[in-house]
Amino acid sequence: MNLLSLYLNHPLTTATVEYALDVTLVRGVENGYYGKNDLLHVVLAPFGVLTLIAEEKKEILNALSLLTISLDSQNLITQDYPIYINPQLHTLFEVTNEAITLREASILNLNVIALAISQSVGLEHYEKRLDTLFSQSRRIVESIHTFSISRRSHLMQFAKRLALTRHDMVSNLLLLDKPNILWDNEDAETLYIRLAFILELNDRHEIALSKLSQIKEDVMLVMDIINHKKSEFLEWIIIILIGVEIVMGVIDFIR
């Protein structure tokens, strides 16, 4: 079996997927949807990642064509994983960096695999967004000596983007807690934990949060300096006004 997971630059509705692929989507793991027909197993994650599982790669390519998605698109984030079925396997599953081997391809197993891979793809999307924010943050710090009060609004917009990125990453990827369904199925929980370890989901998530914290510190530093400049500006205005008042008083006294 072949698995392809990709981040959707333009999110698809469940109705669009159902109509294009002739499947019926129902609630799956963690507010996602899944559906299947004779050729295809489809999982649509709530954070904008579509996962397709099929025996033949051409079935996946046909499905992408029906959804008008091209793998040649620039900046398209994808991840594929071969899945083998071996009824003679001594354990329920084996997971390596190269492939996933299952004793049987149950719907739950495929949905758990799709969830872990889609989380990896979604995390890569946020990693790339963070790289961009990190570069912008560095440029802001490098130009701190020329940062003017008038550019305060731009910095506020940057801080807003940073906060929204953090909120989306924490709330959408669902990496802080195990999926609810895993609490009731030990085998599915073990499969998910193994996949999360192989894909380094927790480590990558911590690194991403660390980058967010660093960018936040940079923004706070620049904001403090801008506020200090603003305070100095207001102080000089007050001093000048006091000076003008004194001069006017002296002139009146002389007259």
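Let us look at the structure shown here. (Residues numbered from 1 in each chain as written. Predicted model: local features only at pLDDT ≥ 70, side-chain atom pairs only at ≥ 80, totals over all residues. Heavy atoms only, no water.)

**Let's talk about the overall build of the protein**
Across its full length, the protein carries six helices and eight strands. Residue pairs at least 24 apart in sequence account for 67% of intrachain contacts in the protein once pairs closer than 6 positions are excluded. Accessible area for the protein stands at about 15200 Å²; split by element, carbon and sulfur atoms hold 55% of it. (Helix = DSSP H or I, 4+ residues; strand = E, 2+ residues; numbered from the N terminus. Contact = heavy atoms within 4.5 Å. Areas by Shrake-Rupley, 256 points an atom, 1.4 Å probe, with all protein chains shown as cover.)

**Description of the sheet that holds strand E1 (residues 2-7)**
The strands making up a sheet associate through backbone hydrogen bonding, with each pair oriented either parallel or antiparallel. In space, the eight strands of this open sheet follow the order E2-E3-E4-E5-E1-E6-E8-E7, with mixed pairing throughout. The open sheet has two edge strands, strand E2 (26-27) and strand E7 (93-95), and neither has a second partner. Sheet topology places E1 next to strand E6 (residues 78-85); five bridges connect them, and they run antiparallel. Pairing of Leu6 across the sheet is with Thr78, part of E6. Sheet contacts for helix H1 (residues 14-21): strand E3 (33-36), strand E4 (40-44) and strand E5 (49-54); angle to E4, the most-contacted strand, approximately 170°. Lying on the sheet, helix H3 (residues 107-142) is in contact with E1, E3, E4, E5, E6 and strand E8 (100-102); it crosses E1 at an angle near 40°. (Pairing = 2+ DSSP bridges. Axes fitted to C-alpha atoms, helices over the stretch in contact; angles between N-to-C directions.)

**Some details on the nonpolar core**
Grouped together as the largest cluster of nonpolar side chains are 48 residues, with contacts concentrated most on Tyr81, Ile83, Val95, Ile100, Ile113 and Met169. Counting residues per element, this core draws most heavily on H3, which supplies twelve residues. If we skip the residues at most four places from it in the chain, Ile113 touches Leu3, Ile83, Ile100, Leu102, Leu191 and Leu195. One finds Leu8, Val23, Ile60 and Leu67 within the second-largest nonpolar core, a separate group that totals 19 residues. (Core = buried A, V, L, I, M, F, W, Y, C linked by side-chain atoms within 4.5 Å. Buried < 20%, exposed > 50% of the residue type's maximum accessible area, 1.4 Å probe, protein only.)

**Structural notes on a nonpolar patch on the surface**
Residues Ile238, Ile242, Ile246, Val250, Phe253 and Ile254 make up a contiguous nonpolar surface patch of roughly 680 Å² in combined accessible area. Within the secondary structure layout, Val250 lies in helix H6 (residues 201-254). (Patch = residues over 30% accessible without salt bridge, like charges linked within 9 Å, V, L, I, M, F, W, Y side chains within 5 Å. Salt bridge = Lys/Arg side-chain N within 4 Å of Asp/Glu carboxyl O.)

**Structural notes on the pairing of E4**
Counting buried positions along E4 yields five of five residues, so the element is predominantly enclosed. Two elements, E3 and E4, share four bridges in a ladder whose sense is antiparallel. Across the sheet, residue Lys36 finds its bridge partner in E4, namely His41. Between E3 and E4, which pair antiparallel one after the other, the connecting turn spans three residues. The turn linking E4 back onto E5 is made up of four residues, and Gly48 within it adopts a positive phi angle of 85°.

**Quick word on the environment of Glu56**
Position of Glu56 among the secondary structure elements: in the loop between E5 and helix H2 (57-66). On a C-alpha basis, the gap between Glu56 and Leu40 in space is 9.3 Å, while along the polypeptide they are 16 residues apart.

**Considerations on the environment of Leu92**
Position of Leu92 relative to the elements: it lies in the loop between E6 and E7. Between the alpha carbons of Leu92 and Thr190 there is a distance of 9.9 Å; along the sequence they are 98 residues apart. Ignoring sequence-local partners within four residues, the contact set of Leu92 consists of Thr101, Leu102, Arg103 and Asp187.

**Overview of H2**
Along H2, the positions that sit buried rather than exposed are Glu59, Ile60, Ala63 and Leu64. Seen end-on, H2 carries its buried residues on one side only, within an arc spanning 140°. In H2, the exposed positions that point more than 90 degrees away from the buried face belong to Lys57, Lys58, Ser65 and Leu66. Residues of H2 that are buried in the fold lie against E1, H1, E4 and E5. At the exit of H2 stands Thr68, carrying a positive phi of roughly 55°. (Arc of directions from axis to C-beta.)

**Points about the side chain of Asn109**
Here Asn109 is to be found in helix H3. If sequence neighbours within four positions are ignored, Asn109 has contacts with Leu102, Glu104 and Leu191.

**Description of unusual backbone geometry**
A negative phi angle is the norm for most residues apart from glycine, just as the trans form is the norm for most peptide bonds. Phi is positive for Asp22, close to 60°, though the residue is something other than glycine. Relative to the helices and strands, Asp22 is located in the loop between H1 and E2. Taking the relative accessible area as the measure of exposure, Asp22 reaches 65% and is therefore exposed. Of note, the phi angle at Thr68 is positive, near 55°, even though the residue is not glycine. With respect to the helices and strands, the residue Thr68 is situated in the loop between H2 and E6.

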